[in-house]
Structures are given as structure tokens and as C-alpha cells.
Amino acid sequence: MMVNSIRSEFLKFFTTRLWWGLAIAMFFGGALFAVILGIVLTLEPDPEAVARGQQVVGTPLQVANSVYTAGLTIGYTLTLVIGIMQIGSEYRHKTVSSTFLSTPRRVRVMLAKVVALLGIGAIYGLISLVGSVVAGAIVLQARGADPFPGPEVLRALALSLLVLGLWALIGLGVGILIPNQVAALLIAVGVAWIIEPLAGFALGFWEFGRDHIVHFLPSQATNAIVEGVTQGGSNAAQPLSWWAAALVLAAYAAVLSAVGTWRTVRQDIS
Amino acid sequence: MTTAPAAQGATIEVRDLTKTFGSFTAVDQLTFTVEPGRITGFLGPNGAGKTTTLRMLLGLVHQTSGTATIDGRAYGDIDHPQSMVGSALEATNFHPGRSGRDHLRVLAAAGGLPVSRVDELLELTGIPAAARKRAGEYSMGMRQRLGLAAALLGDPRVLILDEPSNGLDPEGIRWLRGFLRHLSSQGKTILVSSHQLQEVEQTVDDVVIISNGRLVREGAVSDLRGAPTTFVRTSDPAQLAGALRVADVMSSPGSDGELVVETADLRLVGDVALRAGLPVWELRARKHDLEALFFELTEGTNRNLGDGSSAPPAPTERDAVTGQEGANA
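The structure displayed is predicted, hence computed values, not measured ones. (Residues numbered from 1 in each chain as written. Chains lettered and ligands numbered in written order. Predicted model: local features only at pLDDT ≥ 70, side-chain atom pairs only at ≥ 80, totals over all residues. Heavy atoms only, no water.)

Visitor: Just to check I follow, could you spell out the overall build of chain A for this structure?
Guide: Of the regular secondary structure elements, chain A holds twelve helices and zero strands. Scanning chain A from its N terminus toward the C terminus, one meets helices and strands in the order α-α-α-α-α-α-α-α-α-α-α-α. Per-residue burial over chain A gives 50% buried out of 270 residues. Counted over contacts in chain A with a minimum sequence separation of 6, partners at least 24 positions apart contribute 83%. Counting only carbon and sulfur atoms, one obtains 71% of the accessible surface of chain A, whose full area is about 12400 Å². (Helix = DSSP H or I, 4+ residues; strand = E, 2+ residues; numbered from the N terminus. Buried < 20%, exposed > 50% of the residue type's maximum accessible area, 1.4 Å probe, protein only. Contact = heavy atoms within 4.5 Å. Areas by Shrake-Rupley, 256 points an atom, 1.4 Å probe, with all protein chains shown as cover.)

Visitor: Any chance you could explain the overall build of chain B here in plain terms?
Guide: Within chain B one finds twelve helices and 13 strands. For chain B, the proportion of its 329 residues judged to be buried stands at 49%. For chain B, the proportion of contacts with a sequence separation of at least 24, taken over those separated by at least 6, is 69%. Carbon and sulfur atoms provide 50% of the accessible area of chain B, an area that totals close to 14700 Å².

Visitor: Where do I start with the sheet that holds strand 11 (residues 251-253) of chain B in this structure?
Guide: Residues and elements named next belong to chain B. Read across the open sheet, the four strands follow the order 11-12-10-13; overall the sheet is antiparallel. Where the open sheet ends on each side, the last strands, each with one partner, are strand 11 and strand 13 (280-286). Across this sheet, the average inter-strand angle for adjacent strands is 20°, counted without regard to direction. The pairing of strand 10 (residues 229-234) with strand 13 spans six bridges and is antiparallel. Opposite Thr229, over in strand 13, you have Arg286 as the bridge partner. Packed onto the sheet, helix 10 (residues 266-275) meets strand 10, strand 12 (259-261) and strand 13 and runs at close to 160° relative to strand 13. (Pairing = 2+ DSSP bridges. Axes fitted to C-alpha atoms, helices over the stretch in contact; angles between N-to-C directions.)

Visitor: What should I look at first to understand the pairing of strand 1 (residues 12-21) of chain B in this one?
Guide: Working note: regular strand, side chains alternate between the two faces of the sheet. Residues and elements named next belong to chain B. Bridging between strand 1 and strand 4 (residues 65-70) involves five bridges; their strand directions are antiparallel. Paired with Arg15 across the two strands is Thr67, which belongs to strand 4. Sheet analysis places strand 1 next to strand 2 (residues 24-34), joined by seven bridges and oriented antiparallel. In the strand pairing of strand 2, Leu17 is matched with Leu30.

Visitor: In this structure, what is going on with the sheet that holds strand 2 of chain B? I would like to understand it.
Guide: Backbone hydrogen bonds are what pair the strands of a sheet, in a parallel or an antiparallel way. Residues and elements named next belong to chain B. The sheet built from three strands is open, its strands ordered 2-1-4 with antiparallel pairing. Because the sheet does not close on itself, it has two edges, and the strands there are strand 2 and strand 4. Averaged over all adjacent pairs, the angle separating strand axes in this sheet is 20°, with direction ignored. Along the sheet, helix 1 (residues 50-57) contacts strand 1, strand 2 and strand 4; its crossing angle with strand 1, the most-contacted strand, is approximately 115°.

Visitor: What's the story with the nonpolar core in this structure? I'm lost.
Guide: When a protein is soluble and globular, its nonpolar side chains tend to lie buried together. By size, the foremost hydrophobic cluster in this structure holds 77 residues, and its most contacted members are B:Ile12, B:Ile70, B:Val85 and B:Ile160. Sorting elements by how many residues they give to this core places helix 8 (residues 152-177) of chain A first, with eleven residues. Contact partners of B:Val85, with chain neighbours within four places excluded, come to B:Leu58, B:Ile70, B:Tyr75, B:Ile78, B:Pro156, B:Val158 and B:Ile160. Among the nonpolar cores identified, the runner-up in size contains 42 residues, and B:Ala108, B:Leu153, B:Leu197 and B:Leu224 belong to it. (Core = buried A, V, L, I, M, F, W, Y, C linked by side-chain atoms within 4.5 Å.)

Visitor: Even after reading the chapter, I still don't get the pattern of salt bridges, so can you show me in this structure?
Guide: One side chain can pair with another of opposite charge once the charged atoms of both are near each other. Across all of its chains, the model carries 17 salt bridges over all chains by this definition. A salt bridge links A:Lys113 to A:Glu9, with the nearest nitrogen and oxygen atoms 2.8 Å apart. With a gap of 104 residues between them, A:Lys113 in helix 7 (residues 106-142) and A:Glu9 in helix 1 (residues 2-14) connect regions that are remote in the sequence. Judged by relative accessible area, A:Glu9 falls into the buried class, the value being 2%. Salt-bridge contacts for B:Asp205 lead to B:Arg181; the nearest nitrogen and oxygen are separated by 3.4 Å. (Salt bridge = Lys/Arg side-chain N within 4 Å of Asp/Glu carboxyl O.)

Visitor: Got a minute to help me understand the packing of helix 3 (residues 100-110) of chain B against helix 5 (residues 140-152) of chain B in this structure?
Guide: Angle between the axes and distance between the axes: these two values describe a pair of packed helices. Residue and element names in this part refer to chain B. Helix 5 packs onto helix 3 with a crossing angle of 20° between their chain directions and a minimal axis gap of 10 Å. When the axes of helix 3 and helix 5 are compared, the pair comes out roughly parallel. Two packed elements cross with a definite hand, and for helix 3 against helix 5 that hand is right-handed. The residues of helix 5 that touch helix 3, namely those facing Gly100, Leu104 and Leu107, are Leu146, Ala149 and Ala150. When grouped by side-chain class, the residues that make up the contact of helix 3 with helix 5 number five nonpolar, one polar and no charged. (Parallel < 35°, antiparallel > 145°, perpendicular 65-115°, else oblique. Left-handed = near helix turned anticlockwise from the far one by under 90°. Nonpolar A, V, L, I, M, F, W, Y, C, P; charged D, E, K, R; others polar.)

Visitor: Is there a simple way to explain the packing of aromatic side chains in this structure?
Guide: Aromatic ring pairs: the centre-centre distance and the angle between the two ring planes describe each pair. Throughout the structure, instances matching the rule amount to seven aromatic pairs over all chains. Every member of this aromatic cluster is reached through a ring pair, and the members are A:Phe13, A:Phe14, A:Trp19 and A:Tyr124. Above the face of the B:Trp175 ring, B:Arg145 is positioned so that its terminal group lies 4.1 Å from the ring centre. (Phe/Tyr/Trp six-rings, centres within 6.5 Å; stacked < 30°, edge-to-face > 60°. Lys NZ or Arg CZ within 6 Å of the ring centre and 35° of its normal.)

Visitor: How should I be thinking about the UniProt feature "transmembrane region" (unreviewed entry) in chain A in this particular structure?
Guide: Residue and element names in this part refer to chain A. Per the UniProt annotation, the sites labelled "transmembrane region" (unreviewed entry) are residues 20-43, 63-85, 114-141, 153-178, 185-206 and 240-262. Structurally, residues 63-85 comprises 87% helix and 0% strand, and the distance from its first C-alpha atom to its last is 34 Å. This span, residues 185-206, is 86% helix and 0% strand, and a straight line between its end C-alpha atoms measures 30 Å. (UniProt positions renumbered as here; feature names shortened; annotations may be inferred.)

Visitor: Whenever I open this one, the interface of chain A and chain B confuses me. Can you help?
Guide: Many authors give the size of an interface as the accessible area that is lost as the parts come together. Taken together, the contacts link 29 residues of chain A with 40 residues of chain B. Between chain A and chain B the total buried area reaches about 3000 Å² when both faces are included, carbon and sulfur atoms providing 51% of it. At the junction of chain A with chain B, the criterion picks out one salt bridge. Here A:Asp268 ties to B:Lys19 by a salt bridge, and the two come within 2.8 Å at their closest N and O atoms. (Buried area = accessible area lost by both parts, 1.4 Å probe.)

Visitor: Before we go on, may I ask you to explain the environment of A:Leu129 in this structure?
Guide: Tracing the backbone shows A:Leu129 in helix 7. If sequence neighbours within four positions are ignored, A:Leu129 has contacts with A:Tyr68, A:Leu157, A:Ser160 and A:Leu161.

Have a look at this one:
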């Protein structure tokens with residue numbers, strides 16, 4: 001039964017110490033970046049730099065959104081890690097044998113992981129956002145900025161939650177595809193933090209790449225979902241609309257998971 | 001489930017089962033049957049293909065050809081696998097950061113079994129308190145008991161255990177023996193693998209012996225032992241042999257001056273000796289050396305030891321099964 005498999009997946013996550021370690025990391029990660037950005041974005045703008053176009057002055061809404069989503073990068077990196085570990089630790093500690101013995105239909109196991117991770121991603125997304133909003137609102141209030149310029153802030157928060165959930169699924173896809181947990185973690189974080197931003201930057205100098213490839217990169221798509229103060233030179237690519245960008249992230253998750261699942265079903269488990 | 005009458009066992013049938021890894025044939029046209037209500041030892045030297053066979057039976061490894069069924073169905077086609085088959089494959093299959101009890105809760109949830117069943121099993125395997133500690137701290141014996149508890153969660157009709165006495169102390173082995181006896185008396189089908197016949201000799205009713213992935217012997221342990229004989233030492237073996245022949249009992253001289261008599265009746269041999277006026281210096285039932293027989297059946301052909309000329313570099317069983325996974329550990 002699908003429900004049983006999903007319950008089993010939730011239990012797997014909440015019966016190791018990982019869950020509260022990550023909860024603390026997400027809460028304080030969100031809070032820390034919100035505080036930093038809350039201070040930076042409320043600095044007095046340098047009139048000369050603004051005039052030269054080197055500094056963009058955000059509207060109060062842009063400032064609030066930027067502060068509240070400042071920890072998003074660290075947040076989605078952590079949900080990515082959760083997604084990888086939900087399957088990776090099964091390969092690492094060979095509990096995947098017991099899992100497939102209690103549920104021999106492997107596709108069902110993978111679907112259960114997807115559903116469980118949507119839930120876990122939402123829970124951890126909320127934890128991260130609570131950290132960001134509480135710390136960010138205090139800083140904005142203290143520095144004389146409006147902590148809640150309008151209901152659009154809620155929209156940005158809801159979209160952040162979507163991003164965090166989608167990255168957990170991307171993590172699952174990576175974890176299924178690369179059964180070596182340590183390798184999967186290093187590769188995923190390395191791509192998300194180093195390779196992909198560099199690729200985005202490099203492609204910006206190539207017209208076709210800038211117009212047709214860059215905004216499909218995962219971190220670019222993520223930024224497109226939660227737009228804040230855009231700060232980019234003339235080479236910056238035009239972002240996708242939020243729903244198209246969300247579909248792009250979902251497509252990454254779906255393709256990685258599908259290929260990984262297809263391989264897992266055929267694989268010999270030892 | 002727990003109040004129902006003891007579950008009847010189910011038959012395990014393996015037919016022409018074959019598994020190749022590249023050019024290496026791990027299991028070769030293997031055919032055998034495991035009957036309910038009996039304990040069957042699945043024996044063979046390390047690397048004979050036991051684990052690969054069990055994993056194919058459990059749907060974890062895909063066979064190249066042939067079939068392996070439990071109660072007529074492949075493992076993947078069984079609706080509630082935990083209530084049909086319980087298995088303990090490796091004592092290390094636990095997340096070190098998760099407690100043993102939580103490990104069982106995860107499995108119970110997957111099968112829709114109540115948590116009360118988890119505590120029942122921990123009680124039954126004698127580890128209720130220890131199972132609340134994280135599994136990384138467990139001794140080998142503790143892991144084996146936890147694995148057994150996991151296998152029994154769904155009150156299965158068939159029990160498949162891979163080297164269950166590995167790492168158990170003599171006390172643990174005795175406990176396991178009694179436990180398996182008890183389960184088989186309920187009519188369950190029990191298959192226990194081991195690389196040592198000696199280890200399971202007193203536990204099992206039947207044996208399936210494989211070597212190099214092929215069946216070399218299948219049958220009851222009693223058949224393996226052959227007819228019982230008696231060992232007697234006296235001052236004049238030839239005279240005693242003659243007296244025994246008169247009593248219709250055949251005998252033959254042993255290697256060390258003793259007489260090997262073809263009977264299990266020690267008293268008869270003693271009486272004959274007394275009537276013949278011969279002193280009895282030693283009189284005992286001779287235990288058939290199963291270990292020697294096992295070695296004979298499987299020796300010389302072990303591909304993993306190799307004689308250096310025939311076999312290509314042969315991977316061990318675990319490597320063969322693990323394939324690329326080995327590099328990830």
C-alpha cells in the first residue's frame with residue numbers, strides 16, 4: 001500500500017539525528033542571511049553609484065522580498081541534501097535491501113520517497129522561512145524600513161516554499177542516479193554552487209546561450225521564481241516567468257528521478 | 001494475525017536458476033526444493049553462490065534464467081511479502097544512527113504492521129532494552145537478533161536466514177538452534193545458509209549443498225550420515241570379529257587396531273565380547289564425520305581458491321554480487 005510506504009519514508013527521516021541537525025541549520029541559515037541582507041539593503045545609497053547605474057535602489061517591496069529570501073540559496077542547498085540522503089543513506093548503509101524486501105515494487109518505493117520529500121521539503125521550507133522572516137523583520141524594523149510593504153511578500157514566501165520543495169526532489173533524483181552518497185552530495189553541491197554559476201556567467205557572453213540556455217539553469221530558474229532586486233549587467237539573461245521557472249525545476253527533478261528509478265528497478269541489490 | 005493458528009509453511013522451489021556476471025557464472029542451473037515444517041541447511045564454501053541464490057529468491061538480484069518461487073510465486077508478485085517470507089540477509093543492514101527499535105518501526109510501517117508487533121518481537125528475541133540504543137553500537141550477536149526480529153515481524157510462513165550464527169557466541173548459537181526448532185515445529189519453512197556444515201549439523205533436517213554455483217547434494221542429513229557404526233577396541237580384534245560374525249554382525253578392522261562394527265547397538269557388541277571372554281578397552285558409537293564428507297563434496301573444485309591454471313581471476317562471491325557497488329562502500 002502506498003500510504004504504508006510513505007509512512008515508512010517519514011519514519012526513516014525522523015528516526016535519525018539528521019532531522020533536528022538540519023532543522024537548526026535551516027532556521028539559523030535563513031535568519032543569518034536575512035540579517036546580513038537586511039543591513040546591506042538598508043544602507044544609504046551612494047548617489048554617484050546610483051547615477052552611474054552601478055547600484056540599484058529597490059522599492060520597499062523588493063527590499064523586503066530580498067531580505068526574506070536571502071537564505072534561500074542555503075535553504076535549497078539543504079533540502080537538496082535532504083533529498084540526496086533520503087535515498088543515499090539507504091545505499092550507504094545497505095538498508096535498501098530491507099526496504100525492497102518489505103516493498104518489492106521498487107517504483108512504489110521511489111514514488112513514496114517523492115511524496116514524503118514534498119512533505120519534508122515543505123516542513124523544512126517553513127522552518128527556514130520562519131527563521132528568515134522573524135530575523136529579517138526585526139532588522140528591517142530596527143533600520144526604519146517597512147517589514148511588510150504589501151501582500152506580495154506572502155507571494156514571495158509561498159514561492160520560496162515551492163523552490164525548497166522542488167530542490168528536495170532534485171536531490172532525490174541526484175541520489176537515485178548516483179548511489180554513492182558522498183559522491184552525490186559533492187557533485188550536487190559542487191554543481192549548484194560552483195559549476196552552474198560559472199556556466200551561467202560564461203554563457204552570458206554568448207548571445208544564443210544567453211537567450212536560450214541560461215535561464216534554464218537551475219539556480220537561474222530558482223531566482224526567476226523569487227525575483228528580488230535584480231542586479232545584473234547588460235549581459236544578464238532575461239528571467240523566465242515564475243511558473244515557467246517552477247516547471248523547469250520540476251522537470252529537472254522528474255528527469256533525474258525517472259532515469260534513476262528506471263535504473264534502480266533493473267539493478268541488482270547486494 | 002498473532003491470535004491465528006500457527007501459519008502453515010510454504011514450499012520454496014528453485015528451478016534451473018542461473019546468474020552470470022559478465023563471463024562469470026555465479027549460479028549455474030541450480031534446482032532444489034525446500035519443504036515446509038523442516039529446517040533446511042543451504043551449504044557451500046564461501047563464494048559458492050549461496051548469497052546470490054538467496055538474493056535472487058528474494059527478488060533483489062535478477063536471475064539470468066530459471067525461476068525461484070515461494071508458494072508458487074516469485075517474490076515480487078507476493079502481495080504481503082512480510083507475512084509470507086521473513087529474511088535476514090546481512091547483519092550489517094542497519095543505519096548506525098537509528099535505534100534497532102526504530103529500524104523495526106520503519107519496516108513495520110512499510111508492511112502496515114502495528115508498533116505493538118515490534119515490541120513483541122524485541123521481547124521474543126531478548127533485546128527489548130538494548131534495541132533502544134543506536135544500532136552503530138551493537139555487537140554482532142545483537143545485530144543477528146535484531147535481524148531475526150525484523151524477519152519475523154510479519155509472522156511469515158517462510159524464514160530465510162543468511163549465515164545467522166555468524167558472530168554469535170556459543171550461548172547465542174544454542175539459543176538460535178532452539179528458536180529455529182520452535183519455529184519449524186509450528187510448520188514454518190526454514191532455510192538457513194552456512195559455509196560450515198558442522199555449525200548447522202545439529203539444527204537442520206535437510207541439506208542443499210552447492211559448490212561453484214552447482215548443486216552437489218540434496219537430501220536429509222540422516223541420509224548424508226549413512227549407516228551408523230560402532231567403534232570397539234579389544235586385545236584380539238580378529239577373534240572379536242569372528243564372534244561378531246557368528247552373531248550376524250559385520251565388522252572391519254580400523255586404521256589403529258580398533259574394530260569398526262556395522263551396528264548402532266553398543267550393548268550387543270559388549271555382550272558378544274563378554275561371551276568371547278575378551279576385554280573391552282573402548283566402546284563407542286562412531287560419529288560420522290560430516291565435515292570430512294562436506295569437504296570431500298565441495299573440495300578441489302573451489303573456483304575461488306583456484307589451482308592457478310584453470311580459472312581466470314575469480315571474484316569472491318561478495319564482489320561478484322556487489323559489482324560496481326563494492327567501490328562505493
